[in-house]
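# Remarks on the overall topology
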Amino acid sequence: MAGAGLRAAARRWLLCGGHGGPRAASSSPSCPGCGPPGPGAHCPGVPRSAPAQAPTSGADLSAHLWARYQDMRRLVHDLLPPEVCSLLNPAAIYANNEISLRDVEVYGFDYDYTLAQYADALHPEIFSTARDILIEHYKYPEGIRKYDYNPSFAIRGLHYDIQKSLLMKIDAFHYVQLGTAYRGLQPVPDEEVIELYGGTQHIPLYQMSGFYGKGPSIKQFMDIFSLPEMALLSCVVDYFLGHSLEFDQAHLYKDVTDAIRDVHVKGLMYQWIEQDMEKYILRGDETFAVLSRLVAHGKQLFLITNSPFSFVDKGMRHMVGPDWRQLFDVVIVQADKPSFFTDRRKKLDEKGSLQWDRITRLEKGKIYRQGNLFDFLRLTEWRGPRVLYFGDHLYSDLADLMLRHGWRTGAIIPELEREIRIINTEQYMHSLTWQQALTGLLERMQTYQDAESRQVLAAWMKERQELRCITKALFNAQFGSIFRTFHNPTYFSRRLVRFSDLYMASLSCLLNYRVDFTFYPRRTPLQHEAPLWMDQLCTGCMKTPFLGDMAHIR
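Note that the coordinates shown come from a computational prediction; the quantities given were computed from them, not determined experimentally.

Reading guide: rules and limits
Residues numbered from 1 in each chain as written. Predicted model: local features only at pLDDT ≥ 70, side-chain atom pairs only at ≥ 80, totals over all residues. Heavy atoms only, no water. Helix = DSSP H or I, 4+ residues; strand = E, 2+ residues; numbered from the N terminus. Buried < 20%, exposed > 50% of the residue type's maximum accessible area, 1.4 Å probe, protein only. Areas by Shrake-Rupley, 256 points an atom, 1.4 Å probe, with all protein chains shown as cover. Axes fitted to C-alpha atoms, helices over the stretch in contact; angles between N-to-C directions. Parallel < 35°, antiparallel > 145°, perpendicular 65-115°, else oblique. Contact = heavy atoms within 4.5 Å. 1 Å grid on protein atoms, 1.4 Å probe; cavity = no way out; pocket = protein on both sides within 12 Å on 5 of 7 lines; lining within 4 Å. Points joined across faces, edges and corners; volume = space filled by probe spheres on them. Nonpolar A, V, L, I, M, F, W, Y, C, P; charged D, E, K, R; others polar. Salt bridge = Lys/Arg side-chain N within 4 Å of Asp/Glu carboxyl O. Core = buried A, V, L, I, M, F, W, Y, C linked by side-chain atoms within 4.5 Å. Pairing = 2+ DSSP bridges. Expected span 1.5 Å × (residues − 1). Left-handed = near helix turned anticlockwise from the far one by under 90°. Polar contact = N/O pair within 3.5 Å; in protein donor to acceptor, adjacent residues only side chain to side chain. Phe/Tyr/Trp six-rings, centres within 6.5 Å; stacked < 30°, edge-to-face > 60°.

## Details of the overall build of the protein chain
In terms of regular secondary structure, the protein chain is built from 17 helices and 20 strands. For the protein chain, buried positions account for 55% of its 554 residues. Taken as a whole, the protein chain presents about 25,100 Å² of accessible surface, with 51% of it coming from carbon and sulfur.

So, in structure tokens, the structure goes:
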């Protein structure tokens with residue numbers, strides 16, 4: 001197994017002192033490769049009685065650094081046997097919080113991108129239709145029509161600074177990831193980005209998105225439907241800049257978002273899907289299998305969606321059959337989330353217009369419109385952690401349910417499947433592991449500050465940056481992974497962890513688990529807790545009792 005290979009390679013390396021021959025004397029009074037020690041410093045892996053004098057001349061120090069570099073290269077190669085790849089399952093469910101399905105009695109679902117998974121072929125239709133609306137109804141230049149949808153340009157979770165026309169990726173600490181800021185279709189130099197934000201990469205909290213991803217001047221694109229919106233926005237800005245046309249950034253942004261909204265409000269997207277469900281709806285049979293299985297085990301189901309009933313009805317008939325409504329105890333359409341979860345004024349309605357008569361009970365098989373969660377909770381008494389709700393939008397679907405009402409939540413992240421397949425590749429695994437090892441070596445060797453050593457460290461820093469760019473481009477050439485900004489989580493990842501107990505690529509992942517399965521999140525070490533990181537391993541600074549846990553260290 002991969003874990004056994006990792007442990008065996010590490011033991012071999014420890015016994016050999018980090019290279020192919022017998023253990024040699026330590027290159028410094030602390031441990032191999034750790035550099036000059038501080039007062040009382042000692043590596044647990046090296047006896048105190050066998051110190052060796054560190055090299056002192058520039059040439060010797062440079063040779064010493066490169067020797068440690070080569071040692072680490074060999075170790076990383078030994079640590080990654082071929083079977084170490086493909087460790088992650090794209091069809092797995094990943095837990096942010098411990099949750100037992102045995103305790104869940106009620107399952108709730110959003111419709112779009114949750115019960116109904118859509119093919120990527122939908123995005124070019126949204127893009128081209130909104131583009132034509134801009135030209136024909138908003139009187140934008142005809143030249144914009146030359147732009148086609150590029151599916152590989154943007155990723156979900158990006159931020160857009162309206163006043164600066166900047167599309168960018170921001171990490172969990174509000175820092176712009178350099179190299180991921182675009183104005184139109186062109187990258188903005190790092191120096192210009194830093195200058196635009198007052199000499200820093202940091203975006204102040206007051207400028208950032210509010211609770212629902214909409215700040216005063218910066219918006220976060222959180223749903224999957226926003227991919228064609230980001231692409232169109234970038235293309236329109238690109239045209240205006242390329243033709244030296246003056247434009248008001250705020251008005252341009254509003255026009256593009258209104259054009260995208262028109263595609264939804266006018267029902268155009270619904271029409272395309274209804275006309276060719278085989279083309280646009282994916283995994284319908286798996287959705288049917290999930291719902292049927294839950295009902296067979298005595299679970300109660302409900303549906304709350306913003307989509308209209310006629311559209312949902314046709315889609316559910318296609319996936320589940322004409323009797324789909326019998327699977328659900330409650331169905332609410334046109335709910336107007338997220339205000340459904342916070343606004344007490346809107347009443348449940350059975351006929352399509354607001355009714356102020358109080359509904360005293362919710363009946364199975366009936367369709368309800370609008371309403372609010374407070375009436376829903378009063379009528380159903382479905383409260384707290386025995387309810388598990390699935391949705392794809394972290395803000396509109398999940399945030400209020402978790403934070404205000406204590407429901408358990410599951411996020412549907414279709415991009416997860418592709419990202420895991422990339423993580424499982426040998427190229428990614430080797431690139432990331434070597435990058436981590438090189439980072440640890442840089443941290444420990446920075447104590448050498450003579451001229452020759454600084455040249456070596458500079459060469460390593462350059463290589464590290466190149467590795468980071470290579471790893472980023474494996475996911476997306478412009479913006480990288482939706483989950484990582486180099487070593488930090490993205491702002492999207494931060495929200496994913498905060499607002500979801502579970503996350504998965506599709507609802508069908510539930511079929512891989514028993515209905516009483518308990519999900520246990522892995523204990524991810526905090527920085528001060530980690531007993532054995534890759535960089536510690538590669539410089540010999542580790543405690544051998546933790547070797548048995550090496551299979552869990554990535």
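## Description of the packing of helix H12 (residues 394–405) against helix H16 (residues 491–499)
Pairs of packed helices are described in terms of their axes, by the angle between the two and the distance that separates them. Where H12 meets H16, the axes come as close as 9 Å, and the angle between the chain directions of the two elements is 40°. The orientation of H12 with respect to H16, classified from their angle, is oblique. Side by side, H12 and H16 meet where Leu 394, Tyr 395, Leu 398, Ala 399, Met 402 and Leu 403 of the first sit next to Tyr 491, Phe 492, Arg 495, Leu 496, Arg 498 and Phe 499 of the second.

## Points about the layout of surface pockets
With a probe scaled to a water molecule rolled over the atoms, the places where space remains empty come into view. Computed from the structure, the second largest pocket encloses a volume of approximately 1,300 Å³. Together, 37 residues line the second largest pocket, and Asp 223, His 264, Asn 306, Lys 337 and Ser 396 are the ones closest to its centre. Mapped onto the lining of the second largest pocket, the elements with two or more residues apiece are strand E9 (218–220), helix H5 (226–242), helix H6 (249–265), helix H7 (268–275) and H12. When its residues are assigned to classes, the lining of the second largest pocket shows 13 nonpolar, 12 polar and 12 charged.

## As for the pattern of salt bridges
If you walk through the whole model with that rule in mind, you get 28 salt bridges. Between Glu 463 and Arg 73 there is a salt bridge, and its shortest N-O distance comes to 3.3 Å. Pair noted here: Glu 463 is in helix H15 (residues 451–475) and Arg 73 is in helix H2 (residues 58–79), with a separation of 390 residues, a long-range link. A salt bridge links Arg 102 to Asp 516, with the shortest nitrogen-to-oxygen separation between them at 3.3 Å. Residue Arg 102 is found in the loop between strand E2 (99–100) and strand E3 (106–109), and its partner Asp 516 is found in the loop between strand E19 (502–504) and strand E20 (518–519); the two are separated by 414 residues along the sequence. The exposure class of Asp 516 is partly exposed, given its relative accessible area of 24%. Bridged by salt links that share partners, the residues Arg 131, Asp 132, Glu 136, Glu 142, Arg 145 and Asp 148 form one connected network.

## Side note on the nonpolar core
Phe 109, Tyr 111, Tyr 118, Phe 302, Met 316, Phe 328 and Phe 376 are the most contacted members of the largest nonpolar core, which has 133 residues in total. Here the element with the most residues in this core is H5; it accounts for 10 residues. Once residues lying within four places of it in the same chain are set aside, the contact partners of Phe 328 are Phe 109, Leu 115, Leu 291, Leu 301, Phe 302, Leu 303, Met 316, Lys 364 and Gly 365. Trp 434, Leu 442, Tyr 448 and Val 456 belong to the second largest nonpolar core, which has 18 residues in total.

## Structural notes on the pairing of strand E11 (residues 300–304)
Counted residue by residue, E11 has four buried out of five residues, so it is predominantly covered. Relative to E11, E3 is paired through four bridges, and the arrangement is parallel. Bridged to Phe 109 within E11 is Leu 303. In this structure, E11 lies alongside strand E12 (residues 330–333), joined through three bridges in parallel fashion. Its bridge partner lying in E12, Phe 302 is registered against Val 330.

## Regarding H5
Taking 1.5 Å of rise per residue, the 17 residues of H5 would be expected to cover 24 Å, and the 24 Å separating its terminal C-alpha atoms lies within 8% of that figure. Counting buried positions over the 17 residues of H5 gives 15, a clear majority of the element.

## Considerations on the packing of H7 against helix H10 (residues 309–319)
Where H7 contacts H10, the two axes come as close as 10 Å, and the packing angle between them is 20°. On the basis of the axis angle, H7 is roughly parallel to H10. In this structure, H7 crosses over H10, and the sense of that crossing is left-handed. Together, Tyr 270, Ile 273 and Glu 274 of H7 and Ser 310, Phe 311 and Lys 314 of H10 make up the contact between the two elements. Looking at the contact of H7 with H10 residue by residue, the class counts come to three nonpolar, one polar and two charged.

## A look at the side chain of Arg 408
Here Arg 408 shows up in strand E16 (residues 408–412). A relative accessible area of 14% places Arg 408 in the buried class. A polar contact of 3.3 Å, which involves the side chain of Arg 408, links it to the side chain of Asp 501. Not counting residues within four places of it along the chain, the set of residues in contact with Arg 408 comprises Asn 97, Glu 98, Ile 99, Gly 384, Pro 385, Val 387, Leu 388, Tyr 389 and Asp 501.

## Describing the environment of Ile 470
Topologically, Ile 470 is positioned in helix H15. Ile 470 gets classed as partly exposed once you look at its relative accessible area, which sits at 42%. A C-alpha to C-alpha distance of 9.5 Å links Ile 470 and Leu 432, two positions 38 residues apart in sequence. Those residues in contact with Ile 470 that lie beyond four places of it in its chain are Gln 427 and Ser 431.

## Remarks on the packing of aromatic side chains
If you walk through the whole model with that rule in mind, you get 35 aromatic pairs. Consider the rings of Tyr 182 and Phe 479, whose centres lie 5.2 Å apart with planes at 55°: the pair is tilted. Of the two residues, Tyr 182 is situated in strand E7 (residues 182–183) and Phe 479 in the loop between H15 and strand E17 (484–485); the sequence distance between them amounts to 297 residues. The same class applies to Tyr 182 and to Phe 479, which are both buried. Judged by centre distance (5.6 Å) and plane angle (65°), the rings of Phe 302 and Trp 407 are edge-to-face. Here the residue Phe 302 occupies a position in strand E11, and Trp 407 occupies one in the loop between H12 and E16, the gap between them amounting to 105 residues. Just as Phe 302 is buried, Trp 407 falls in that class too.

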